[in-house]
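Coordinates in review
Below, each chain spelled out in residue letters.
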Amino acid sequence: MRTAPAGRPPRNARAHGVLVYFRTMLIFIGIWFVGAMLISNRLLLPSPTSVFWALLDAARDGDLAFHAFTSLLRLVVAMLAAAVIGLPLGLVIGLSRSWEDAFELPIELLRPIAGIAWIPLALFMFGIGNTLPVFIMFYTALFPLIIGTAAGVRGTDRRLLAAARTMGVTGMPLVLHVVLPSALPSIIVSLRLAVAAAWTAVVAAELVGAPSGLGYAIEYFRSMLATDHVIAFIVVIGILGSLTDKLLRLAETWLTPWSRDRVLP
Amino acid sequence: MMPKIALKGVNKSFGHVNNAFVALSDLSFDIRAGEFLAVVGPSGCGKTTVLNMLAGLDSPSSGQILLDGVAISGPGAERGVMFQDYALFPWRTVRGNIEFGLLYGKPGQGVSSEARRKRVDDAIALVGLSGAENKYPHQLSGGMRQRVALGRLVANQPDILLMDEPLAALDAQTRIILQEELLRIWGQDTAQETRRTVMFVTHGIDEAVFLADRVVVLSSHPGRLKAIVDIDLPRPRNGETRKSARFAELSQEIWELIREEAYRATMK
Amino acid sequence: MKWLAIRLMSPVGLLVLWEVLVRLSGSPRAPSPSTVFVAAGELIASGELLAGLSTSIVRVLAGFVVACLVAVPLGLVMGAVRSVERNLDPVVESFRPVAAIAILPLVILWLGTGNTAAIAIVAYAAFFPVLVNTISGVKNVEPSLLRAAHTMGLSPLTRLHAVLLPAAMPSILVGMRIALGVAWTAIIAAELAVGAKSGSSGGIGQMMFVFYAYSIQLSGIVVCMAAVGVVAFCLDRLVSLCLTFITPWSNAR
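Residues numbered from 1 in each chain as written. Chains lettered and ligands numbered in written order. Predicted model: local features only at pLDDT ≥ 70, side-chain atom pairs only at ≥ 80, totals over all residues. Heavy atoms only, no water.

1. Examining the overall build of chain A
Basically, it comes down to this: Segments assigned H or I by DSSP are reported as helices when at least four residues long, segments assigned E as strands when at least two residues long, and all are numbered from the N terminus. Accessibility here uses a 1.4 Å probe with only protein chains present; expressed as a share of the type maximum, an area under 20% marks a residue as buried, one over 50% as exposed, and anything in between as partly exposed. As used throughout, the charge tally considers Lys and Arg to be positive and Asp and Glu to be negative, leaving His and the chain termini uncounted. Note on charges: their place is set at NZ of Lys, CZ of Arg, CG of Asp or CD of Glu.
Tallying secondary structure elements over chain A gives ten helices and zero strands in all. When the helices and strands of chain A are placed in sequence order, the string is α-α-α-α-α-α-α-α-α-α. Among the 265 residues that make up chain A, the fraction classed as buried is 50%. Separation of charge centres in chain A, based on 20 positive and 14 negative side chains, amounts to 11 Å.

2. Remarks on the packing of helix 3 (residues 48–80) of chain C against helix 9 (residues 203–214) of chain C
All names here are of chain C. Which entries qualify depends on this criterion: Axis lines are fitted through C-alpha atoms, for helices just across the contact stretch, and the angle between N-to-C directions can take any value from 0 to 180 degrees. Throughout this description, any angle smaller than 35 degrees is read as roughly parallel, any larger than 145 degrees as roughly antiparallel, any in the 65 to 115 degree range as roughly perpendicular, and the remainder as oblique. What makes two residues a contact is simply this: any of their non-hydrogen atoms within 4.5 Å. Each residue is assigned to one class: nonpolar for Ala, Val, Leu, Ile, Met, Phe, Trp, Tyr, Cys and Pro, charged for Asp, Glu, Lys and Arg, and polar for all the others, Gly among them.
The contact between helix 3 and helix 9 brings their axes to 6 Å, and the two run at 135°. On the basis of their axis angle, the class for helix 3 and helix 9 is oblique. Contact residues: helix 3 offers Glu-48, Leu-49, Gly-52, Leu-53, Thr-55, Ser-56 and Arg-59, while helix 9 offers Gly-203, Ile-204, Gly-205 and Met-207. In terms of residue class, the contact of helix 3 with helix 9 is built from four nonpolar, five polar and two charged.

3. With respect to the nonpolar core
Selection rule: Grouping buried Ala, Val, Leu, Ile, Met, Phe, Trp, Tyr and Cys residues that are joined through side-chain atoms within 4.5 Å yields what is termed a nonpolar core.
Counting residues in each nonpolar core, the largest one holds 140 residues, and the members touching the most others are A:Ile119, A:Ile136, A:Ile218, C:Leu49, C:Trp184, C:Ile188 and C:Ile204. Ranked by the residues each element gives to this core, the list is headed by helix 8 (residues 156–198) of chain C, at 18 residues. Counting 48 residues, the second-largest nonpolar core is a separate cluster that includes B:Val94, B:Leu161, B:Met163 and B:Val215.

4. Quick notes on the sheet that holds strand 5 (residues 70–71) of chain B
All names here are of chain B. Counted only if it meets this: We call two strands paired when DSSP finds no fewer than two bridges between them.
With respect to topology, four strands assemble into an open sheet ordered 2-1-4-5, the strand pairing being antiparallel. One side of each edge strand has no neighbouring strand; the edge strands of this open sheet are strand 2 (21–31) and strand 5. Summarising the sheet, strand 1 (residues 5–14) and strand 2 pair through seven bridges and their orientation is antiparallel. Of the residues in strand 2, the one forming a bridge with Val-10 is Leu-27. Along the sheet face, helix 1 (residues 47–55) touches strand 1, strand 2 and strand 4 (62–67) and points at about 120° away from the line of strand 1.

5. Things to note about the interface of chain B and chain A
This is how the line gets drawn: Take the accessible area each of two parts loses on contact, using a 1.4 Å probe, and add the two losses: that sum is the buried area. In what follows, salt bridge is the name for a side-chain nitrogen of Lys or Arg lying within 4 Å of a carboxyl oxygen of Asp or Glu.
Residue-level contacts link 25 residues of chain B with 18 residues of chain A. A combined buried area of about 2000 Å² lies between chain B and chain A, and 71% of that area is made up of carbon and sulfur atoms. A per-residue breakdown of the area chain B buries against chain A is headed by B:Trp91, B:Tyr104 and B:His138, which together make up 34% of the total. B:Asp85 serves as the salt-bridge partner of A:Arg159, at 2.2 Å between the closest nitrogen and oxygen.

6. Details of the packing of aromatic side chains
So the rule is basically this: Any Phe, Tyr or Trp ring, taking Trp's six-membered ring, that has another such ring centre within 6.5 Å forms a pair; planes under 30 degrees apart are called stacked, those over 60 apart edge-to-face, and the others tilted. As a reminder, the over-ring test applies to NZ of lysine and CZ of arginine, requiring each to be within 6 Å of the ring centre and within 35 degrees of the ring normal.
Applying the stated criterion across every chain, the model contains 21 aromatic pairs over all chains. Ring centres of B:Phe89 and B:Trp91 lie 5.6 Å apart, and the angle between their planes is 40°; this geometry places the pair in the tilted category. Like B:Phe89, the residue B:Trp91 is buried in the burial classification. Among the aromatic side chains, those forming a connected cluster through ring pairs are A:Trp118, A:Phe126, A:Phe135, A:Tyr139 and A:Phe143. The side chain of B:Arg242 reaches across the aromatic face of B:Phe210, ending 3.8 Å from its centre.

7. Focus on helix 6 (residues 172–186) of chain B
Quick reminder: α-helices carry 3.6 residues per turn. Residues three or four places apart thus point the same way. Put simply, the test is: To estimate the expected span of a helix, subtract one from its residue number and multiply by 1.5 Å.
Taking 1.5 Å of rise per residue, 15 residues should cover 21 Å, and helix 6 of chain B covers 21 Å from first to last C-alpha, within 8% of that figure. Of the residues flanking the end of helix 6 of chain B, it is B:Gly187, one or two places downstream, whose phi is positive at about 105°.

8. With respect to the interface of chain A and chain C
Contact with chain A, which involves 49 residues of that partner, is made by 59 residues of chain C. For the pairing of chain A and chain C, the buried interface totals around 4600 Å² over both sides, and the portion due to carbon and sulfur atoms is 75%. Summed over the shared surface of chain A and chain C, the result is two salt bridges. C:Arg7 is paired through a salt bridge with A:Glu104; the nearest N and O atoms lie 3.1 Å apart. For the side of chain A that touches chain C, the elements supplying multiple residues, two or more each, are helix 1 (11–39), helix 4 (97–110), helix 5 (119–126), helix 8 (171–209), helix 9 (214–223) and helix 10 (227–255) of chain A.

9. Points about the environment of A:Gly238
As for its placement among the helices and strands, A:Gly238 is situated in helix 10. Judged by relative accessible area, A:Gly238 falls into the buried class, the value being 5%. With 39 residues separating them along the chain, A:Gly238 and A:Trp199 place their C-alpha atoms 9.8 Å apart. Not counting chain neighbours up to four residues away, the residues in contact with A:Gly238 comprise C:Pro97 and C:Val98.

10. Side note on the arrangement of the chains
Among the two pairs of chains that make contact, the interface with the largest number of contacts is formed by chains A and C. Contact between chain B and chain C is absent, and the least distance between their C-alpha atoms amounts to 22 Å.

11. Comments concerning the side chain of B:Glu207
Residue and element names in this part refer to chain B. Inclusion rule: Residues adjacent in sequence count toward polar contacts only when both atoms are side-chain atoms; beyond that, a polar contact is any pair of N or O atoms within 3.5 Å, and within protein one must be able to donate a hydrogen and the other to accept it.
With respect to the helices, strands and loops of the structure, Glu-207 is situated in helix 7 (residues 205–211). An unpaired buried charge is present at Glu-207: no salt bridge exists, and Arg-175, the closest side chain of opposite charge, is 4.4 Å distant. A polar contact is formed between the side chain of Glu-207 and the side chain of Thr-202, at a distance of 2.9 Å. Those residues in contact with Glu-207 that lie beyond four places of it in its chain are Leu-167, Arg-175, Gln-179, Phe-200 and Thr-202.

12. Let's talk about the pattern of salt bridges
For the structure on display, the rule yields 34 salt bridges over all chains. Here A:Arg192 makes a salt bridge to A:Glu252, at a shortest N to O gap of 3.6 Å. Taken together, the residues A:Arg192 in helix 8 and A:Glu252 in helix 10 connect sequence positions 60 residues apart. Residue B:Glu181 pairs with B:Arg147 through a salt bridge whose shortest N-O separation is 2.8 Å. Residue B:Glu181 is located in helix 6, and its partner B:Arg147 is located in helix 5 (residues 142–155); the two are separated by 34 residues in the primary sequence. Note on accessibility: B:Glu181 and B:Arg147 belong to one class, buried. Several salt bridges share partner residues, and in doing so they unite A:Arg97, A:Glu100, A:Asp101, A:Glu104, A:Arg154 and C:Arg7 into one network.

13. Let's talk about the packing of helix 1 (residues 2–25) of chain C against helix 2 (residues 33–46) of chain C
All names here are of chain C. In contact at an axis separation of 8 Å, helix 1 and helix 2 are set at 100° when each is read in the N-to-C sense. One finds that helix 1 runs roughly perpendicular with respect to helix 2. On helix 2, the residues that touch Leu-15, Trp-18, Glu-19 and Arg-23 of helix 1 are Pro-33, Ser-34 and Val-36. For the contact of helix 1 with helix 2, the residue count by class is four nonpolar, one polar and two charged.

The following block contains the structure:
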């Protein structure tokens, strides 16, 4: 349609962007406010102000920090476990035909089963506690990581491999300095997808099978009929989810400064 | 004197036995030590296949390719390759690309880090990239990328330079400038014994005539040796060379050799 | 032969490992491959599995259609008119990271636990992938195509349906494919959570939880999990078939 301005937009354009952002959010909150007044049922739709007070309340008594920290810690543990298994597995699957043959079938059979569908079985295996949400997130994150890594490795430019070989670079250095860097953009994109999917899964997992965490908190406050607290915690889930993604995007530009066009699903 | 590289009855076909595509048929020629040999021919004559086989990335279906009398069995650091689209590592800076072989490959074995830095600096200066060391390939123009590829090639100090249409992607002015640069880096001002052996694949006839000591002309479908033309233009060559009558004469001679096939190729 | 052996090695190994672990654990409730096969036969024969699946699938399709009906027109406008996109983007970006399952408690409060609530959850989940991909599809239409259409004297409305829509279609369909996958996960999660916390909801997700909570033997859960996987696979194949059928010129997959 229009040609996008290259690089960083000029300062007044950015200021204008901030202005538009706050204007839109103000209008949205205004509509919410009016709607809450018209409905005038705190149980169905609390006003923005009462949600704000609920948020402050949760922040003051430490509930917010506790549940948010618990969920984030579980996310980190699950992602580390998924990376430790998924990245090497994706690497060997991408590098070797026989490894691919050996793992393709179980991966293709397990992958369509959503992590969330494991919750009842995980309840039986692990009971309610920390293990269940971590397992569900681990499972959810594992497949995007394996597949993204394998695809990145397989997509290594054949000419770059040839160039390295003509310089006498073979074996481990070839994997370390040609295959891995070339797969890195794809790995980071799959990492972002994996984190986003895991963050969705953690809410469901904690809602059913954990005594703490953000998912547990919204379900707890729902059962207490404290809708303002429910919405406050939904806001927190949204903010943390988008902050994690922003962080990974930063890591992306920092780790792969050479890849200019990032196509995102 | 033994040739640096000898091709003896080389055949190359791709695909299965029954519907094989014959790329090269009974190809024999020599490359002498220190000579600049250009290979020209219409598209489909198997120029790039020849180069890949010399690089050790591909092997002949039958026949022999000898390097100093020994059959080539794979890539080797004594043969450096410059690829058609440069094959620069996008995640490494100009410097990172040029030092790649010295860091991770055979050419760097036994080289101290100080000597390595010196060699990389020299290569950067030689190809005129001082000041751009920390840029990434995507930040460079086509001509600059070509210089990086050339710098990477000379930093590894191979005996033999194999170049696959390295200037094809450049615009006409840049190409002319880089042709002269290439001759300078190869060492056309020095004695023949100190020069390195070059095989330069191109589809540009005037480029081949301007650069080479001899031009191998191939015919296409399948690739066969059509002629080897001695280029008796004096060195050093420069802008004056292009204006000489002999330059035009030699170009015309080679063009006559491949005109008919080149024309047929455009009608396919 | 060797190729087949390599491919079958790990699935068979996993099955054997599973069976051995269950035998070793000595738990009477633990499902093993052999009990799962028996349970699968029973659940299919009794029609329970099919009933649960069809409830969930109908909900997903209904919610998916609702999402598309809103997201595609909105995405077309947001993609084509810069000012609309700028002004709506903050709200979209605020809601996008909030998972459908997180708003489940609110939806239960507003709409109860029946089909309407289920469809709302699915529609919310499917909405964002369709919207985002429609916007990017429209924004990535070759400007020269629109200029060409303009010079040929096409009216704005004709330009919309003759140029913009077909040019953005591959991207829209990719969004729909992602959306359907997300929607299927969301409905399982919602039925599971509702089944766990507030009683009946129907569907395959609730069925799984009922097996967990009330059944002596848990093989039924594994049967449901397998069914969830099979449906996810089939839905994806279906959309990808539609993709090649509707936009044969595209290679976006």
